[in-house]
Amino acid sequence: MSVTGDWNEEANELNAIVASFDEGEVSVDDLFAKLERATAIIEALEARLETTKARVEELAPRIARVADDE
Amino acid sequence: MASVESSTGEPVLEVGEFYELLTAQLESAYGRRHPRWVRGEVAKVYEKSHLYVDLVDAGSSASDAKRPVLNAHCWASQWNPLKRKLAADGVTLAPGAVVNLFGYVDLYAPQGRIGFTVTEIDVAGLLGDVARRRQELIARLAGEGLLEANKRVPVPAVPLRVGLVASPQTEGYSDFTGQLLNSGYGFEIVLVATAVQGDAAPAQIVRAIEDLDRHGVDIICVVRGGGSKGDLACFDDERVARAIATSSTAVFTGIGHTGDESIADLVAHTRAITPTKLGEEIVTVVANWYETNVRQSARRLLDASGALLDEASEYVAERRRTLIFAVRDRLRAEQRHLSGVRQRLWLHSRHTLESATRSLASSRQLLSAYDPARRLAQGWSIVTGADGQVVARLAQVHSGELITVRVSDGSFASTVEEMKGAP
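None of the values given here were measured: they were computed from a predicted structure. (Residues numbered from 1 in each chain as written. Chains lettered and ligands numbered in written order. Predicted model: local features only at pLDDT ≥ 70, side-chain atom pairs only at ≥ 80, totals over all residues.)

So, about the environment of L164(B). All names here are of chain B. Within the secondary structure, L164 sits in strand β8 (residues 161–166). For L164 and V222, which are 58 residues apart along the polypeptide, the C-alpha to C-alpha distance reads 6.1 Å. In contact with L164, not counting residues within four places along its chain, are I189, V190, L191, C221 and V223. (Helix = DSSP H or I, 4+ residues; strand = E, 2+ residues; numbered from the N terminus. Contact = placed C-beta atoms within 7 Å.)

Shown next, in the form of structure tokens:
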């Protein structure tokens, strides 16, 4: 199950799935498919987040050198 | 020399004798031992080791062929120390200057000219004149709006490209450039070297300012270390003041002085009291910009990145928790629904079974009334013919037929002997 949209796009789809659960709109037949899709989105978002964090960690010392330069 | 008499018997002097007599007379009244002050306006001035000045009455017209002229001169031995003194006070003997000269009369016979040998110049009088002309220039510049003109020129937020008008061999130059080049910021200095004192300086400074203005630098700095009033006189020059005031680039001055600020300072966009101070101020402008726009931005960027990532992490974690709870809730709801259905089905089934049981018991009870065994016990019997069929009518048997009679506790055989119809 591919997750290729941007962060907001994926987050909106995830929000919609959670909302459908909250409102009791999910049938038992659809439940597994929706849960599987939501799980895939969450894992994709987390992976993207980890990648971004790692990149920020690489850049942070360089920015910090500018911020702390006396 | 032979004595000569005129036709009237009066002595006749040779030219030389006449000048000797005249010289003696003049010296006795106005000579070296009787020096006097003479006041006048400089009409012409010429210097070649010695100083030569033509002095006229102040305010007299040059077209007046009869105006008196005093041909004054100051020999080098006197002029050199006087020149240094004048220079130190920023005074220049120029045409138009009204000056008091102290000296004595001499007569130069070969040219038949009366001269005036200067031994002293009244600096105080000249200074007053300089101050007056200075104030007049300031008033003129103010009247034309030139004192504020350059101050209205916008300065780039980060003035890194600095046009410099200075003399590279001076301390002022080193002090100023040292501040910029040692600041750690990427200043680019575009130097136009000029004299910063002397008669040639104003024209060179004007040309330098105009060149740099066309060159497209961020600011133009005019710097010069400290010096006497005379050294700094070029910065009171009207041409310099006008060049600064009309420059389309902001002009900063760092001209060392301890007394009045120069007119260049007055018309400049920004002025500092020394080249070092000017360098410091420019570095401070850049440093403040760097602090506000780079360092603070970097700190905000770091904080914002961290906050954004934390927020995103919290969002994903919250969605994960919410989803898990939502799915559990949904499954539990389905389980509760199925459980309810199951319970209702069980109750309904039990009810149905009980109804059936009750109905069956009732039927059984009803049927028991028709049980043949009960009839047989009451004395009733069941007769079956030879063919095994229950005999319910006479027509089913005939006389002599062997029949079987069943009673409550068994059966016995019998033979039909007589047949009678029901009455």
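Looking at chain B as a whole, the pLDDT averages 89, with 97% of positions reaching at least 70. Our summary of model confidence lists the complex with pTM equal to 0.56 and ipTM equal to 0.83. (pLDDT = per-residue confidence, 0-100.)

With that settled, consider the sheet that holds strand β4 (residues 50–56) of chain B. Residue and element names in this part refer to chain B. Reading around the barrel, the five strands line up as β3-β4-β5-β7-β6 and close back on themselves, with mixed pairing between neighbours. When strand polarity is set aside, the average angle formed by the axes of neighbouring strands in this sheet is 50 degrees. Where strand β3 (residues 36–48) and strand β6 (residues 98–108) come together, six bridges link them in antiparallel fashion. Following the sheet pairing, R39 is matched in β6 by N100. Against the sheet, helix α1 (residues 15–30) makes contact with β3 and β6, and its axis sits at roughly 145 degrees relative to β6, the strand it touches most. Across the sheet, helix α2 (residues 76–88) lies against β4, β5 (69–74) and β7 (113–121), angled at about 45 degrees from β7, the strand it touches most. (Pairing = 2+ DSSP bridges. Axes fitted to C-alpha atoms, helices over the stretch in contact; angles between N-to-C directions.)

It is worth spelling out the interface of chain B and chain A at this point. In many analyses, interface size is given as the accessible surface area lost on bringing the parts together. Every contact between the two is made by 19 residues of chain B and, on the other side, 22 residues of chain A. When grouped by side-chain class, the residues that make up the side of chain B that touches chain A number ten nonpolar, three polar and six charged. (Nonpolar A, V, L, I, M, F, W, Y, C, P; charged D, E, K, R; others polar.)

All right, on to the pairing of strand β14 (residues 402–407) of chain B then. Residues and elements named next belong to chain B. In this sheet, β14 lies alongside strand β13 (residues 382–384) in antiparallel orientation, the contact comprising three bridges. In the sheet register, V383 faces β14, and the bridge partner there is V405. Looking at chain direction, β14 and strand β15 (residues 410–415) are connected through six bridges and run antiparallel. Looking at β15, one finds that V405 is bridged to F412. Where β14 folds back on β15, the antiparallel hairpin that results is connected by two residues.

Moving on to the sheet that holds β15(B). Residue and element names in this part refer to chain B. Reading across from one edge, β13-β14-β15 is the order of the three strands in this open sheet, with antiparallel pairing throughout. The open sheet terminates on both sides in strands that have one partner only, identified here as β13 and β15. Between one strand axis and the next, the sheet turns through 25 degrees on average, direction left out of account.

Next up on the list: unusual backbone geometry. A positive phi angle, near 65 degrees, is found at S49(B), a position not held by glycine. By the secondary structure assignment, S49(B) is in the loop between β3 and β4.

Once that is clear, we can look at the pairing of β7(B). All names here are of chain B. By the bridge criterion, three bridges tie β5 to β7 in an arrangement that is parallel. Across the sheet, N71 pairs through a bridge with G115, a residue of β7. In this sheet, β7 lies alongside β6 in antiparallel orientation, the contact comprising eight bridges. Bridge assignment links Y104 to a residue of β7, and that residue is T117. Hairpin connection between β6 and β7: a loop of four residues separates the two successive antiparallel strands, and G112 in this loop has a positive phi of roughly 65 degrees.

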